[in-house]
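Residue strings, one per chain:
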Amino acid sequence: MPVKLVEGDSQNIKLTTPEDYQMADAMVKIRCRELGRGHARMGIGFDIHHLVDGQPLMLGGVTVPFDRGLKGHSDADVVLHALCDALLGAVGAGDIGEQFPDTDPAYKGIASMTLLDRTVAIVRECGFEPSNVDVTVVAQAPKLSQFKVEMCKNIASCLEINPGAVSVKATTA
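Rules of the game
Residues numbered from 1 in each chain as written. Predicted model: local features only at pLDDT ≥ 70, side-chain atom pairs only at ≥ 80, totals over all residues. Heavy atoms only, no water. Helix = DSSP H or I, 4+ residues; strand = E, 2+ residues; numbered from the N terminus. Contact = heavy atoms within 4.5 Å. Axes fitted to C-alpha atoms, helices over the stretch in contact; angles between N-to-C directions. Parallel < 35°, antiparallel > 145°, perpendicular 65-115°, else oblique. Nonpolar A, V, L, I, M, F, W, Y, C, P; charged D, E, K, R; others polar. Salt bridge = Lys/Arg side-chain N within 4 Å of Asp/Glu carboxyl O. Phe/Tyr/Trp six-rings, centres within 6.5 Å; stacked < 30°, edge-to-face > 60°. Buried < 20%, exposed > 50% of the residue type's maximum accessible area, 1.4 Å probe, protein only. Lys, Arg positive; Asp, Glu negative; His and termini not counted. Polar contact = N/O pair within 3.5 Å; in protein donor to acceptor, adjacent residues only side chain to side chain. Pairing = 2+ DSSP bridges. Right-handed = clockwise from strand over helix to strand, strands pointing away.

J.: Quick question: what am I supposed to make of the environment of V123 here?
T.: Secondary-structure assignment places V123 in helix 4 (residues 112-125). For the pair V123 and M27, spaced 96 residues apart in the sequence, the C-alpha separation amounts to 21 Å. When neighbours within four sequence positions are excluded, V123 is seen to be in contact with L87, V91, F128, E129 and P130.

Encoded structure:
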């Protein structure tokens, strides 16, 4: 057959012989050690939005009955935004503003559960799996105790982890 020259990449190796596969396996193991895979990774997230009239209050993917909601480009769910930031930070993938900028009309009014779903995809693309999360909501009102179990279920479902591995706490300042 005629020979054809194409541009390549030094990391795009040809796997033909058993030795090639052994070399590729060794390279993957080295890369995983460099990235810290197999070790616990932790991130910290924080988010805050203004309360405004005429907006639903979304927290942890739950519509919480209240006379005001949070102002934001998306649905402004601070619980899920903080969680996205923590997950992205844990894998070195920036923050929610970098991944889903509020200057992009595609994210106008988007459900934060969708942003969390996309964040989990980024985490997995980086070679990691969420194992447990802990979130604290600081708010004077409303009382959130009756909504925390549903928030945990929503988050656990999106992260594909056991609801017992999700903690949502609420406190006042």
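J.: I'm lost on the packing of helix 2 (residues 78-90) against helix 4 in this one. Help?
T.: Two numbers describe a pair of packed helices, the interaxial angle and the distance between the axes. In contact at an axis separation of 9 Å, helix 2 and helix 4 are set at 10° when each is read in the N-to-C sense. By the criterion of interaxial angle, the relationship of helix 2 to helix 4 is roughly parallel. Side by side, helix 2 and helix 4 meet where L80, H81, L83, C84, L87 and L88 of the first sit next to S112, M113, L115, L116, T119, V120, I122 and V123 of the second. Of the residues that constitute the contact of helix 2 with helix 4, the class distribution is eleven nonpolar, three polar and no charged.

J.: Looking at this structure, how should I read the pattern of salt bridges?
T.: Opposite charge on two side chains permits them to pair, given that their charged atoms come into close proximity. Here the structure, examined in full by the defined rule, presents four salt bridges. Ionic pairing is found between R68 and D67, a salt bridge with its closest N-O pair at 3.6 Å. Through salt bridges with shared partners, a single network forms among R124, E129 and E160.

J.: I tried to follow the packing of aromatic side chains on my own but got confused; where do I start?
T.: The description of two aromatic rings rests on the distance between their centres and on the angle between their planes. Enumeration according to the criterion identifies one aromatic pair in this entry. Arranged with centres 5.5 Å apart and planes meeting at 75°, the rings of F100 and Y107 form a pair that is edge-to-face. In this structure F100 comes out as buried when scored by relative accessible area, which is 9%. Looking at Y107, the relative accessible area reads 13%, which means it is buried.

J.: Mind showing me how you'd approach the side chain of D75 here?
T.: Relative to the helices and strands, D75 is located in the loop between strand 4 (68-70) and helix 2. We note that D75 is buried and unpaired, the nearest opposite charge coming from K108 at a distance of 11 Å. Polar side-chain contacts of D75 include one of 3.2 Å to the backbone nitrogen of D77. There is a polar contact of 2.4 Å between the side chain of D75 and the side chain of S112. Not counting the four nearest positions on each side in its chain, D75 is found in contact with M58, L70, H81, G109, I110, A111 and S112.

J.: Explain the pairing of strand 6 (residues 166-171) here, please?
T.: A regular strand carries its side chains on alternate faces of the sheet. Of the pairings in the sheet, the one linking strand 5 (residues 133-138) to strand 6 comprises six bridges and is parallel in character. Paired with V133 across the two strands is V166, which belongs to strand 6. In the classification by handedness, the crossover that spans strand 5, the intervening helix 5 (residues 148-159) and the parallel strand 6 is right-handed.

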